[in-house]
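# What the coordinates show
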Amino acid sequence: MNTENDQAQHFANVWGKLTAPVKPSEDGLRIYREEAERFSDKRILILGATPELVDMAVESGAEKIVSIERFPGVVAAMRQLGKKDWSSVDMVIGNWLEDRPDFHSAFNCILCDGGLLFLEYPAQWGQLFRIVRTYLEPDGVFVAKEWAEPPGIWDYDRMLQDHVAAFKEEASRLNLEQKHRAYIKLLSELRIIVFVNATQDDGSFDQDLLIERSDRLIEKFEKEFPDNSMIGITHAAFKYLARSQPGTTDTVAGVRYDRTSELLAQNGFESRYFPLPDPPIPDSNYMFAAKLSE
Ligand SMILES: C[S@@+](CC[C@H](N)C(=O)[O-])C[C@H]1O[C@@H](n2cnc3c(N)ncnc32)[C@H](O)[C@@H]1O
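Parameters and conventions
Residues numbered from 1 in each chain as written. Predicted model: local features only at pLDDT ≥ 70, side-chain atom pairs only at ≥ 80, totals over all residues. Helix = DSSP H or I, 4+ residues; strand = E, 2+ residues; numbered from the N terminus. Rg over C-alpha atoms; globule rule 2.2 N^0.38 Å. Buried ≥ 20, exposed ≤ 12 C-beta atoms within 10 Å, placed from the backbone. Contact = placed C-beta atoms within 7 Å. Pairing = 2+ DSSP bridges. Near = placed C-beta within 6 Å. Nonpolar A, V, L, I, M, F, W, Y, C, P; charged D, E, K, R; others polar. Domains from an automatic or database assignment. Axes fitted to C-alpha atoms, helices over the stretch in contact; angles between N-to-C directions. Core = buried A, V, L, I, M, F, W, Y, C linked by C-beta atoms within 7 Å. Parallel < 35°, antiparallel > 145°, perpendicular 65-115°, else oblique.

## Some remarks on the overall build of the protein
A tally of regular secondary structure across the protein gives 10 helices and seven strands. Its C-alpha radius of gyration of 19 Å places the protein within 12% of the 19 Å reference for a compact globule of 294 residues. Principal-axis analysis of the C-alpha atoms places the extent of the protein at approximately 55 × 40 × 35 Å. Taken across its 294 residues, the protein has 37% of its residues classed as buried. Nonlocal contacts in the protein, meaning residues at least 24 apart in sequence, comprise 73% of its contacts between residues at least 6 apart.

Structure (structure tokens):
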């Protein structure tokens, strides 16, 4: 992939083959929307270029919308996937962890869907919280979604088997288009199941385990579902999504809300908790809305 255009096609292709819980669910979007709607003149910063969030911001009539993402190809891809007119959106190529003085006190709403998964806990999370604090106006809000394994016994092999069996049973009654949609849903959920029992005490994911599971799933599903379009979905979920480098994934940490709220508090935020009912494990995807402490 040489040109930015090739990269954009690649990412649009990958992202277009996935759905919630990898992408924001309706429940998640409702929370982002409600938090943004508290402001009559919205100045929204989106960490990442999640099309559903940018579309929501455009639809809300925000006076200023900025999105910041490190890969130009991702930005171009997300623009293709957006359904609204993004011409007034300022798409910035950059690193969230680099302070931008021009952003200081410039936003009343900062949104991030799943971005914390990409940062090391606690050092980079704390760094991001401190930067976000400087970007917010005094009454502003930082709303984010994160994934972390809830307490309980979660059996990876069992969950994998049950989900695949349920898909096969359902698929026998579906036409081709419905079957593809059900396969996209299955793989988007399995993409999350790959994290089960992979979180270490320090909040980091065991990268070797994530890679081993993902590679095994590619092999398994290429054999079981060899149809070209299904292979495309398999590769989107397990070969390309958040795998920008060999031997590791881009998703590095998953921490429950108790530890997140503590770190937010240490960095000057008061937060509220929104567990999400997203499958495959309710409450594993969760959101928080954080305001500057008095
Ligand atoms: C926002 S997150 C999660 C995906 C999200 N659920 C969505 O719907 O787009 C994914 C994006 O964050 C970007 N990203 C991760 N760390 C970053 C950083 N430090 N600076 C800028 N972008 C970053 C990745 O390149 C990736 O495209």
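## Re the pairing of strand β7 (residues 285-292)
The two faces of a sheet get side chains in turn, since along a regular strand they alternate between them. Here β7 lies mainly inside the structure; six of its eight residues are buried. Judged from the seven bridges that link them, strand β5 (residues 136-147) and β7 form a sheet pairing that is antiparallel. The residue of β7 that forms the bridge with Phe 142 is Ala 290. Pairing analysis gives seven bridges linking strand β6 (residues 269-275) to β7, with the strands arranged antiparallel. By the bridge assignment for β7, Phe 274 is matched with Met 287.

## Remarks on the site of the ligand
Neighbouring residues of the ligand: 15 residues in total, closest Gly 48, Thr 50, Arg 70, Gly 114 and Phe 118. When grouped by side-chain class, the residues that make up the shell around the ligand number six nonpolar, five polar and four charged.

## Some thoughts on the domain arrangement of the protein
Taken domain by domain, the protein holds domain 1 (4-148 + 254-292) and domain 2 (156-240). Each of domain 1 and domain 2 has a C-alpha centre, and the two are 25 Å apart. Each partner contributes residues to the interface: domain 1 has 16 residues there, and domain 2 has 19 residues. Residue composition of the side of domain 1 that touches domain 2, by class: 11 nonpolar, three polar and two charged.

## Regarding the sheet that holds strand β2 (residues 64-69)
If you trace the seven strands from one edge of the open sheet to the other, you get β3-β2-β1-β4-β5-β7-β6, paired in mixed fashion. Every interior strand has two partners, whereas the edge strands, β3 (90-93) and β6, have only one. For this sheet the average axis-to-axis angle between neighbouring strands, irrespective of direction, equals 15 degrees. Across the sheet, helix α5 (residues 123-135) lies against β1 (43-47), β4 (107-113), β5, β6 and β7, angled at about 145 degrees from β5, the strand it touches most.

## Brief notes about the nonpolar core
Ranked by internal contacts, the top residues of the largest apolar core, which has 79 residues, are Ile 44, Ile 46, Ile 110, Leu 111 and Phe 142. Two domains each donate at least three residues to this core, and these are domain 1 (4-148 + 254-292) and domain 2 (156-240). The contacts of Ile 44, once residues within four sequence positions are left out, are Ala 36, Ala 57, Ala 62, Lys 64, Ile 65, Phe 107, Cys 109 and Leu 111.

## Some points on the packing of helix α8 (residues 207-224) against helix α9 (residues 228-240)
The relative placement of two packed helices is expressed as an angle between their axes plus a distance between the axes. Where α8 contacts α9, the two axes come as close as 9 Å, and the packing angle between them is 175 degrees. Comparing their axes, α9 and α8 come out roughly antiparallel. Along the contact surface, α8 presents Ser 214, Leu 217, Ile 218, Phe 221 and Glu 222, while α9 presents Ile 231, Thr 234, Phe 238 and Lys 239. Residues belonging to the contact of α8 with α9 are distributed by class as follows: five nonpolar, two polar and two charged.

## With respect to the environment of Leu 45
Following the sequence through the fold, Leu 45 ends up in strand β1. Spatially, the C-alpha atoms of Leu 45 and Tyr 135 are 8.9 Å apart, while their sequence positions differ by 90 residues. What Leu 45 contacts, discounting residues up to four positions off in sequence, is Val 66, Phe 103, Phe 107, Ile 110 and Tyr 135.

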